[in-house]
Amino acid sequence: MSDGSRLSETPAGVVLGPLDSIADGRARNFVIQMRRGRFHGFVVRVGDGVRGYVDRCPHMGLPLAQKLDGYLTPAGDMIACSWHGALFAIADGACVGGPCVGAALTVWPVAVRDGMIVTAD
């Protein structure tokens with residue numbers, strides 16, 4: 001039974017879906033219900049690879065996107081917090097602009113295996 005907690009990690013091996021479900025240079029939200037609580041994360045597709053992050057801004061602890069899957073800047077070159085304008089590098093989640101410079105998003109380990117996006121170690 002869930003206690004309603006918001007989790008910050010998932011077990012390895014959870015299949016999230018096909019890589020083709022996310023267009024290159026776009027992001028997608030994932031919510032995974034587990035016994036201990038619910039995990040909120042997002043995946044950014046970069047070519048044939050992916051980067052995953054916990055959906056929580058280090059500035060205020062809020063989810064980054066106010067619109068479903070709205071994690072990237074209009075140019076698609078940065079992750080943006082829609083609440084306070086913090087900007088994060090897609091490659092490593094480092095905050096490079098806004099109120100939390102020097103902080104970083106929490107990495108959510110994900111990988112592509114046989115064309116499917118899966119949680120990793």
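Heads up: the structure comes first, above all this text.
These notes cover the structure that comes with them. Everything quoted here is computed from the prediction, not taken from an experiment.

Examining the overall build of the chain
Counting its regular elements, the chain contains 0 helices and 10 strands. Beginning at the N terminus, the succession of helices and strands in the chain can be written as β-β-β-β-β-β-β-β-β-β. Here the C-alpha radius of gyration of the chain, 14 Å, is about what a compact globule of 121 residues would show, namely 14 Å. Projected onto its principal axes, the C-alpha positions of the chain cover 35 × 35 × 25 Å. Once local pairs closer than 6 in sequence are excluded, the contacts in the chain between residues at least 24 apart make up 49%. Summed over its atoms, the accessible surface of the chain is roughly 6,500 Å², and 52% of this surface lies on carbon and sulfur atoms.

Notes on the side chain of H40
Its place among the elements puts H40 in strand 4 (residues 37–46). The buried category is assigned to H40, whose relative accessible area is 18%.

As for the pairing of strand 9 (residues 110–113)
Sheet analysis places strand 9 next to strand 10 (residues 116–119), joined by 4 bridges and oriented antiparallel. By the bridge assignment, R113 is partnered in strand 10 with M116. Linking two consecutive strands that pair antiparallel, namely strand 9 and strand 10, is a turn of 2 residues; a positive phi of about 55° is found at D114 within it.

Re the sheet that holds strand 7 (residues 87–88)
In spatial order, the strands read 6-7-8; together these 3 strands make up an open sheet with antiparallel pairing. The two strands at the open ends of the sheet, each matched to only one other strand, are strand 6 (79–80) and strand 8 (95–97). Across 2 bridges, strand 7 lies against strand 8 in antiparallel orientation. Its bridge partner being in strand 8, F88 is matched across the sheet by C95.

Considerations on the side chain of T10
Mapped onto the secondary structure, T10 falls in the loop between strand 1 (5–7) and strand 2 (15–18). When its relative accessible area of 14% is taken as the criterion, T10 is described as buried. Side-chain polar atoms of T10 contact the side chain of W108, separated by 2.8 Å. With residues near it in sequence (within four places) discarded, T10 still touches I32, M34, F39, W108 and T119.

A few points about the pattern of salt bridges
For the structure on display, the rule yields 2 salt bridges. For R45, the salt bridge goes to D20, with nearest N and O atoms at 3.8 Å. You can see R45 sitting in strand 4 and its partner D20 sitting in the loop between strand 2 and strand 3 (27–34), a full 25 residues away along the chain. Here R45 falls in the buried class, since its relative accessible area comes to 12%. One network of salt bridges, with partners in common, ties together D20, R45 and D48.

Brief notes about unusual backbone geometry
Despite not being glycine, D69 has its phi angle at roughly 65°, a positive value. Inspection of the secondary structure puts D69 in the loop between strand 5 (49–54) and strand 6. Note on D69: relative accessible area 30%, which makes it partly exposed. Residues other than glycine seldom take positive phi values, yet D114 does so here, at roughly 55°. Overall, D114 belongs to the exposed group, its relative accessible area being 83%.

About the criteria used
Residues numbered from 1 in each chain as written. Predicted model: local features only at pLDDT ≥ 70, side-chain atom pairs only at ≥ 80, totals over all residues. Heavy atoms only, no water. Helix = DSSP H or I, 4+ residues; strand = E, 2+ residues; numbered from the N terminus. Rg over C-alpha atoms; globule rule 2.2 N^0.38 Å. Contact = heavy atoms within 4.5 Å. Areas by Shrake-Rupley, 256 points an atom, 1.4 Å probe, with all protein chains shown as cover. Buried < 20%, exposed > 50% of the residue type's maximum accessible area, 1.4 Å probe, protein only. Pairing = 2+ DSSP bridges. Polar contact = N/O pair within 3.5 Å; in protein donor to acceptor, adjacent residues only side chain to side chain. Salt bridge = Lys/Arg side-chain N within 4 Å of Asp/Glu carboxyl O.

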